[in-house]
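# Residue-level structure breakdown
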Amino acid sequence: MRPPRGRGSGGGFRGRGDGGKGRGGGGGGRGSDRGSAMGGRGGGCGVFIAKGKEDAIVTKNLVPGEVVYNEKRIYVHNEDATKVEYRVWNPFWSKLATAIIGGVDEIWIKPGARVLYLGAASGTTVSHVSDIVGPTGVVYAVAFSHRSGRDLVNMAKKHTNVIPIIEDARHPSKYRILVGMVDVIFSDVAQPDWARILALNASYFLKAGGHFVISIKANYIDSTQPVEAVFQSEPFEQVMLEPYERDHACVVGAIVSQRNPKLLSEMLGGIGSM
Amino acid sequence: MALYLLYESASGYALFLAHGLDEIGQNTEAVRNSVSDLNRFGKVVQLAAFHPFESALDALNQCNAISEGLMTDELRSFLELNLPKVKEGKKLKFRLGVVDTKVGSHIHEVTKIPCESGDFIHELLRGVRLHFDRFLKDLKTGDLEKAQLGLGHSYSRAKVKFNVNRVDNMVIQAIFLLDTLDKDVNSFSMRVREWYSWHFPELVKIVSDNYLYAKVAKYIEDKSKLSDESIPGLTEVVGDEDKAKEIVDAAKASMGQDLSPIDLINVHQFAQRVMDLSEYRRKLYDYLVSKMNDIAPNLASLIGEVVGARLISHAGSLTNLAKCPASTLQILGAEKALFRALKTRGNTPKYGLIFHSSFIGRASAKNKGRMARFLANKCSIASRIDCFADKATTVFGEKLRQQVEERLDFYDKGVAPRKNIDVMKDAIESAESKDTEMETEEVHVEASGKKNKKKKSKGAAAENGEPAADDNPTAVANGEALEDSKSEKKKKKKEKRRMDQELELQDGQNAEQDGTAKKKKKKSKDANGEDLQSADGKKKKKKSRNEDAE
């Protein structure tokens, strides 16, 4: 229960910066200087920065008026008196947000993109990805757990560019009928064979010249070595997810030319073992 | 040799013909290059046939079959129709490329069509996937995505067993509507009274009930037409002959003005509306009750349907209610008082919506707070069971209700309530026996320890604070406990089949779990909180004493 702000979840700031608690532009109801949305962290548009008492990254809400996991919302007034609603993206709860804040140059997820999201769980980060790609893009969200799957399906009911797939990501042939070719694969599967999973899915669904973004836990690669030794120099872009996540890194790479799955997984495995 | 490609899409099955290819000559690298360019690819691969799925249900069946690696009849007939015939003994002039080897082997088994899959096929099919929407002229852009979206949703919902009947949104909407209806019916009734009183002012004082007033007004219409002959009819409407007489007398001496026929018709119609709305309100209430029993039977049996529905709607959903701590549940609905007290460092409220359940009213003023806390704790357990249990059962709700009653007794008379662990053990056993009830009455006592392992109720484990393993006492003791609980079960009036002997778990018997089992009320009233594990005979005597006492 939070202080009374009307019924329902997600105490959005409705222009009353009450005590300034919480994050984000703190009540963007005063024109475009407060709660201003600056575009463009992490490559192309879609992700904005809200400046205020505390800065936060936000995404433009695909379904205005709805919140997915009780996150805060920020309203910005345009010159023509319309309101734009943004949802705050919490880096403590989302590895992709952490990577963006950490300074990754390009996440390849932009408006109109087609994204395959492996490890969607309850769909909290998926909802933000769906906001970014907008109504012209598509997000294929794969989750295996049934409990989380229910939340994912409920979220997908509102965000209509998300296609929920409750299936094991290890077997892309099982859901091949539901997925087209995608531009980006985002993987947050937290499984020891993440490389094989990614390679297999890429061989089915990732277009040539497509990219992938993975979140890797250090102890999946080699739990005996210290973290620093594991994540060393690579040809790909890499960002450590401290202080939001311990021993995690986010890696961005590209499929320059399609190798066969075995080779690809070796290559990916090579990242980790260096 | 011609190479066909089978491609499964969300809109339907497609068959492509790849020609001009020589596999030995081509390596995957070259194929890859030709794949990315549609013109070049289009020369190599062409659409041979396309079979759209008949309906959403058909699409779901196909999708399920594909994910298992099986071939459906529709796929089979599609292939046989569009591929050249397979002749026995002759050399086959074509091959079919598929992505999945399982499907391929199944197809080959049934139809003898030679299938193959490999890197080469894989590359070609990647190209097909990339350019698919261009191949099919009839498909507009976005159609394929819509098909994928619909199919994805139905596939996923089937996986998570999305039960439409257990959607708590209906209850939230119903309770809102109920409140709105109440207000509206009240305003309309007031309006009828005022309006009709222009014509017949005395009626307001005689008939005080809103619904009855509307009925009477509708029946009487023009008061000058009232006479002694209409008394029987009026008695039927009002239910009381004296009142009917009063009405007729008052009508004769009334000082209200006359109304023209048109006006009377209007009043009549309005009164009819009010009555209809009242009827509807009643039906809505029944609907709410039945929905509550579907989605939250334990909560409903513990505090009643209306209060339970209010709690759910206040929290936002059943899941939200289950997630919040019991202290929150206690003061749900009293937020204004709560935060005011917190700000001014005063006393926080003791109860919120919970206050409207009957238990708080029955407690003495000193104990209201304690009862509220106790009740909130039990409600929290009930809501969690409802939210996360797979089967719908009211057993736990009833047991919890008994605990609340016992606690009330304790405050009133000092009667010590039963220990929680015993009650919960009871509840688990009845829940399991309900699982596997049988048509014939058998009295087997199968002291199988695994029974307790099966239905591990979260509530019980959490309540007892003991490891779940403790729930599994030795086989002998278990047998005794079951026997005892058997002898204590009483029949509720409507239940025909249940005997005092418990119906025990048997192997392989189909069980019909009664979802809305309000009919069964197994009371194991244990007046002095004695240990359940005592001899049968003593229990039986006790039971009959209890029966007498009631």
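Along every chain, residues carry numbers that run from 1 in the direction the sequence is written. For naming, the first written chain is A and the first written ligand is 1, with later ones following in the order written. Thresholds applied to this predicted model are a pLDDT of at least 70 for local features of residues and 80 or more for the giving and counting of side-chain atom pairs; totals over whole chains, interfaces and linings are not thresholded and use all residues. Hydrogen atoms and water are omitted, and side-chain values are computed over all heavy atoms in the structure.

Moving on, we get to the overall build of chain B. Looking only at helices and strands, chain B features 26 helices and five strands. Within the span of chain B, comprising 550 residues, buried residues form 47% of the whole. Contacts in chain B between residues far apart in sequence, at least 24 positions, make up 70% of those at least 6 positions apart. Using a 1.4 Å probe, accessible areas were evaluated by the Shrake-Rupley method; residue-level cover was limited to the displayed protein chains. Carbon and sulfur atoms form 52% of the exposed surface of chain B, whose accessible area is close to 28,000 Å². Strands are runs of DSSP state E lasting at least 2 residues, helices are runs of H or I lasting at least 4, and numbering of each runs from the N terminus. The cut-offs for exposure are 20% and 50% of the maximum accessible area for each residue type, with area from a 1.4 Å probe on protein chains only; residues under the lower value are buried, those over the upper are exposed, and the others partly exposed. When checking whether two residues touch, look at their non-hydrogen atoms; a contact exists if any pair is within 4.5 Å.

Next up on the list: the overall build of chain A. Within chain A one finds seven helices and 12 strands. The 274 residues of chain A split such that 52% are buried. In chain A, the share of contacts with a sequence separation of at least 24, taken over all contacts with a separation of at least 6, comes to 62%. Total accessible area on chain A is roughly 11,300 Å²; 51% of this is exposed by carbon and sulfur atoms.

With that settled, the discussion passes to the interface of chain A and chain B. The interface of chain A with chain B comprises 39 residues on the first partner and 39 residues on the second. The quantity reported as buried area is the accessible area (1.4 Å probe) lost by two parts once they are put together, taken as the sum for both. Carbon and sulfur atoms make up 59% of the area that chain A and chain B hide from each other, which totals about 3,500 Å². By salt bridge we mean one thing: a side-chain nitrogen of Lys or Arg within 4 Å of a carboxyl oxygen of Asp or Glu. At the surface where chain A touches chain B, the tally comes to four salt bridges. In this structure, E145 of chain B engages R114 of chain A in a salt bridge whose closest nitrogen and oxygen atoms are separated by 3.1 Å. A 3.5 Å cut-off defines polar contacts: any pair of N or O atoms within that distance qualifies, except that in protein one atom must be a possible hydrogen donor and the other a possible acceptor, and neighbouring residues in sequence count only when both atoms are side-chain atoms. Between the two partners, chain A and chain B, sit 16 residue pairs in polar contact (both at pLDDT 80 or more).

Bringing the nonpolar core into the picture now. Put simply, a nonpolar core is a bunch of buried Ala, Val, Leu, Ile, Met, Phe, Trp, Tyr and Cys residues held in one set by side-chain atoms that sit within 4.5 Å of each other. Core analysis: the biggest nonpolar cluster contains 69 residues, and V45, L79, L96 and I107 of chain B have the highest contact counts within it. Dropping the residues within four chain positions of it, L96 of chain B is found in contact with Y4, L5, L6, L15, L79, L83, I107, I113, P114, C115 and E116 of chain B.

For the rest of this paragraph, the subject is unusual backbone geometry. Excluding glycine, most residues fall at negative phi; most peptide bonds, likewise, are trans. Within the chain, A81 of chain A stands out as a residue other than glycine whose phi angle is a positive 65°. Tracing the sequence through the fold places A81 of chain A in the loop between strand 4 (73-77) and strand 5 (83-88). Even without a glycine there, the phi angle at E221 of chain B is positive, about 55°. Here E221 of chain B falls in the partly exposed class, since its relative accessible area comes to 29%.

Take the sheet that holds strand 1 (residues 2-8) of chain B next. Residue and element names in this part refer to chain B. What the five strands build is an open sheet, ordered 3-2-1-4-5; its pairing is mixed. Among the strands making up the open sheet, the edge pair consists of strand 3 (45-52) and strand 5 (115-116). We treat two strands as partners when DSSP finds at least two bridges between them. As paired elements, strand 1 and strand 4 (residues 94-97) share four bridges and run parallel to each other. The residue bridging A2 from the neighbouring strand is F94, located in strand 4. Axis lines are fitted to C-alpha atoms, over the contacting stretch for helices. Their N-to-C directions set the angle, which ranges from 0 to 180 degrees. Each of strand 1, strand 2 (12-18), strand 3, strand 4 and strand 5 is contacted by helix 6 (residues 119-135), which is oriented at about 60° to strand 1, the strand it contacts most.

Attention now goes to the pattern of salt bridges. Between side chains of opposite charge, a pair can form when the charged atoms approach closely. In the structure shown here, the tally under the stated rule is 27 salt bridges over all chains. The closest approach of N and O atoms between E80 of chain B and R76 of chain B, which form a salt bridge, is 3.4 Å. Placement of the pair is E80 of chain B and R76 of chain B together in helix 4 (residues 73-82), with a separation of four residues, close to one helical turn. Its relative accessible area of 36% is what places E80 of chain B among the partly exposed residues. A single network of salt bridges, built from pairs that share partners, joins D168, R170, D193 and R196 of chain A.

Bringing the pairing of strand 3 (residues 56-60) of chain A into the picture now. Every regular strand shows the same layout, with side chains that alternate between the two sheet faces. Residue and element names in this part refer to chain A. Along strand 3, four of the five residues are buried, which leaves the element largely enclosed by surrounding structure. For strand 2 (residues 47-51) and strand 3, the ladder comprises four bridges, and the chain directions are antiparallel. For A50, the partnering residue across the bridge sits in strand 3 and is A56. Hairpin connection of strand 2 to strand 3: four residues between the antiparallel strands. One ladder, built from three bridges, connects strand 3 with strand 5; its direction is antiparallel. Looking at the pairing, T59 lines up with R87 of strand 5.

Quick look at the confidence of the model for chain A now. A low pLDDT means the predicted coordinates there should not be read in detail. Residues and elements named next belong to chain A. Scored from 0 to 100, pLDDT records how confident the predictor is in each individual residue. This prediction gives chain A a mean pLDDT of 73; 63% of its residues lie at or above 70. Long-range and interchain partners of residues 256-267, a stretch whose pLDDT sits below 50, account for 19 contacts in this model, where long-range means more than four residues apart. Within the model, the stretch residues 270-274 combines pLDDT values under 50 with 12 contacts to residues more than four positions away or in other chains.

Residues and elements named next belong to chain A. Pairing between strand 9 (residues 182-187) and strand 10 (residues 206-217): five bridges, direction parallel. What sits directly across from I185, in strand 10, is F212. Every crossover in which the path from the first strand over the helix to the second runs clockwise, viewed with the strands pointing away from the viewer, is termed right-handed. Once the chain exits strand 9 it traverses helix 4 (residues 194-205) before rejoining the sheet at strand 10, and the crossover so formed is right-handed.

Moving on, we get to a negative patch on the surface. Residue and element names in this part refer to chain B. Like-charged residues are merged into a patch within 9 Å and nonpolar side chains (Val, Leu, Ile, Met, Phe, Trp, Tyr) within 5 Å, provided each residue has over 30% relative accessible area and no salt bridge. A positive count includes Lys and Arg, and a negative count includes Asp and Glu. His and the chain ends are not counted in either. A single reference atom marks each charge: NZ on Lys, CZ on Arg, CG on Asp, CD on Glu. A contiguous patch of negative charge, built from D240, D242, E246 and D249, is present on the exposed surface. Mapped onto the secondary structure, D249 falls in helix 12 (residues 241-252). On the basis of relative accessible area, D249 is assigned to the partly exposed category, the value being 46%.

The next point concerns the packing of helix 11 (residues 230-238) of chain B against helix 12 of chain B. All names here are of chain B. Two elements in contact, helix 11 and helix 12, have axes whose closest approach is 8 Å; the angle formed by their N-to-C orientations is 125°. Relative to helix 12, the element helix 11 lies oblique. Classified by chirality, the crossing of helix 12 by helix 11 is right-handed. Where helix 11 abuts helix 12, its residues I231, L234, T235 and V238 lie against E241, K243, A244, K245, I247 and V248. For classification purposes, an angle smaller than 35 degrees is called roughly parallel, one larger than 145 roughly antiparallel, one from 65 to 115 roughly perpendicular, and anything else oblique. Handedness of a helix crossing follows the sense of rotation of the near helix relative to the far helix, less than a right angle counterclockwise being left-handed and clockwise being right-handed.

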